[in-house]
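# Tertiary structure, described
Each chain, letter by letter, is given below.
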Amino acid sequence: MFNRLFTIIVSRNHHRKLKLGRRPLPTFPSRLYSEAKTEVDFTSIPVERIRNFSIIAHVDHGKSTLADRLLEITGAVKPNSGQNQILDKLQVERERGITVKAQTASLLFKHEGDQYLLNLIDTPGHVDFSNEVSRSLSACQGVILLVDSNDGVQAQTVANFYLAFGNDLVTIPVLNKIDLKNADPERVSKQLETLFDMDPTEILRISAKLGKGIDSVLEAIVTRLPSPKVDRNGPFRALLFDSSFDKYRGVLSLIFVKDGCLKVGDNIQSCHTKKEYEVKTLSLLRPQEVEVDRLVAGQIGLVGCNMRSSVEAHIGDTIHISGQNIDPLPGFKPMQPMVFAGVYPIDQSQHVNLRNAIDKLTLNDSAVTVSIDSSPALGQGWRLGFLGLLHLEVFSQRLQQEHGAEAILTAPSVIYKVKLKETKQTKKDGKDVVSVNNPALWPDTQLIEDCFEPMILGTIISPVQYLGAIMTLCLDRRGVQKNATNIDNDRIMLQYELPLAEIIIDFHDVLKSISSGYASFDYEDNGYQSSPLVKMNILLNGSAVEELSTIVHLSKAQTLGKQLVLKLKEMIPRQMINIAVQAAIGGKILARQDIKAFRKDVTQWLYGGDVTRRKKLLAQQAAGKKKMRMIANISVPKDTFIDVLKK
């Protein structure tokens, strides 16, 4: 019996080796990896029949649903498989119902008897992940601009269109959700014509959920979009526009092959780091990973080359064959972080694990910037830069879900610039303007000549009936109106210049609340502007607590000071002495709250006698507390710092 079983096992393994034509790979768990080789020779498809395109749209306009239908019609996945949002692979994407990470899929489509290769990139819709969109567009020659027939043009629709327009990409306008009862394609077509000067006859109308009109989208991709301008006979050059980490194979680089050909076994070199690697695996995403022997110009593929460090995978880098002198590709401009937050381990023993998790996650999300930071209250940590508040929340959630790392995130802040007065020290350093994203690093008031805060240009699209409430909100947040445009009889587009510090916390939530969810908001960087900024200190019995200090606008210092001392009064536990919690700017006290001391009744054992005995005991107690207050240290629990810094 044992010999028979052994023979069966050996024969199956031998048959498997013959079938694959190579040594069987180890069976390790990997979400995307597939051992099977593709049956289609992708290298035989000429450049003229390759189309690289992205789907761009506002949040919840149906990008992932359209991508699902394209995958099903082209045969990349089985129809009615029961899985929706196939390209949304992250747990955070499925929980929140949004796309966070751009995903690629290579599709095969037959048109008029010819086989076409369609490289699809599904992009996020939220403004906080615009970095994913800009990187994806660098590998494309056209885009599908998807608009909800019910909601119409939204703020991010406008931003995405001008992003594609600025990259000279061909745009295919598509109206989705025409099956809804309240859909109005005619109204939305007029909006596109008014805002973007689009021909209404070229606007496609589909229902991605029902699969209606998807054939017309595929036909438009083939007939309207240009093929990539590449040279298959030239020396190999490729643009590295995304990367990910696999614990078995290290860093995997997603590349767009601009020129030449790349084969397994070739030695490649990075233009940025000058390091050399041997190509171990090449694969296409369909959407599962499928091995190929080589990649040719015009294709988008995944390269595994035993790259171990996240520092080596520089997004926007040019990859070429070792020993060749080539001109680097233009790449793209990286996004600048707009929101900063401190990240600290819950316990310092978890410092190494958290550092490794951040390294792996920043490889997958190149928009995050990392610098070392420390806090007397929380210990060693990092100062991370994000594109927005949702970006920060998603990053924190992915740290926990994908890497099991528990971290403390402080309240978000922005980066300010301070111009210093001309002194001997500034002349020696040659640095009269410093950037500050941590209140602890704020210069002394006597050295400051001027302060600057980051500004944004916000675009708000809303129904007309909410106009008054939205304008009041923007004025409360120190906004200045720049433009107002009527899209149609019911909707208006407003442009406001706003301080970034005023919108990163709850601006979007308040905007949705006052507009019953109908207003949409998008913003872009608008440089720096001079502003009266001050550092507000928190004093406990006259001693400044550096960890609780904040940078505020002078007009809002009084209000924020009152809020903060009230919060601290509730959070700091009572002690044996009175504690005076004060908010101060320099020597001026803005707000004060007192935390009463525990009171011990020293007269409880008296059973008679003269009143002077009672007064004597109370006087002794008062003198003792006064002496204690002079020498005592106030004990502030770590949880209090965490709660205040988070909020």
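Here the structure is a predicted model, which means the values were calculated and not measured. (Residues numbered from 1 in each chain as written. Predicted model: local features only at pLDDT ≥ 70, side-chain atom pairs only at ≥ 80, totals over all residues. Heavy atoms only, no water.)

### Describing the sheet that holds strand β2 (residues 103-111)
Strand order in the open sheet made by the six strands is β2-β3-β1-β4-β5-β6, with mixed pairing throughout. Edge positions in the sheet fall to β2 and β6 (204-205), since each has one partner strand and no second. Here seven bridges tie strand β4 (residues 142-148) to strand β5 (residues 170-176), and the two strands are oriented parallel to one another. What sits directly across from valine 143, in β5, is threonine 171. Of the strands in this sheet, β1 (50-57), β2, β3 (114-122) and β4 touch helix α2 (residues 63-73), which is tilted by about 150° from β1. (Pairing = 2+ DSSP bridges. Helix = DSSP H or I, 4+ residues; strand = E, 2+ residues; numbered from the N terminus. Contact = heavy atoms within 4.5 Å. Axes fitted to C-alpha atoms, helices over the stretch in contact; angles between N-to-C directions.)

### Here's the deal with the nonpolar core
Of all hydrophobic cores here, the largest spans 46 residues; its most connected members are Trp442, Ile460, Ile503 and Phe507. Ignoring any residue separated from it by four or fewer positions in sequence, one finds isoleucine 460 in contact with Ile470, Cys474, Ile492, Met493, Leu494, Phe507, Leu511, Ala519, Ser520 and Phe521. The next biggest cluster of nonpolar side chains, apart from the first, holds 29 residues, and it includes Ala67, Val77, Val174 and Leu225. (Core = buried A, V, L, I, M, F, W, Y, C linked by side-chain atoms within 4.5 Å. Buried < 20%, exposed > 50% of the residue type's maximum accessible area, 1.4 Å probe, protein only.)

### Overview of the pattern of salt bridges
By the definition in use, this model includes 14 salt bridges. One salt bridge connects lysine 419 with glutamate 449, and the closest N-O pair in it is separated by 3.8 Å. Residue lysine 419 is found in strand β21 (residues 416-420), and its partner glutamate 449 is found in strand β23 (residues 448-463); the two are separated by 30 residues along the sequence. The class of lysine 419 is partly exposed, set by a relative accessible area of 30%. Judged by relative accessible area, glutamate 449 falls into the partly exposed class, the value being 48%. Notably, a salt bridge pairs arginine 478 with glutamate 453, separated by 2.8 Å at the nearest N-O pair. Of the two residues, arginine 478 sits in the loop between α11 (467-476) and β24 (480-486) while glutamate 453 sits in strand β23, which places them 25 residues apart along the sequence. Salt bridges sharing partners connect three or more residues here, namely Glu453, Arg478, Glu502 and Lys556. (Salt bridge = Lys/Arg side-chain N within 4 Å of Asp/Glu carboxyl O.)

### Focus: the environment of isoleucine 595
With respect to the secondary-structure elements, isoleucine 595 resides in strand β31 (residues 588-595). Dropping the residues within four chain positions of it, isoleucine 595 is found in contact with Leu568, Lys569, Ile572, Arg574, Ile577, Asn578, Ile579 and Val581.

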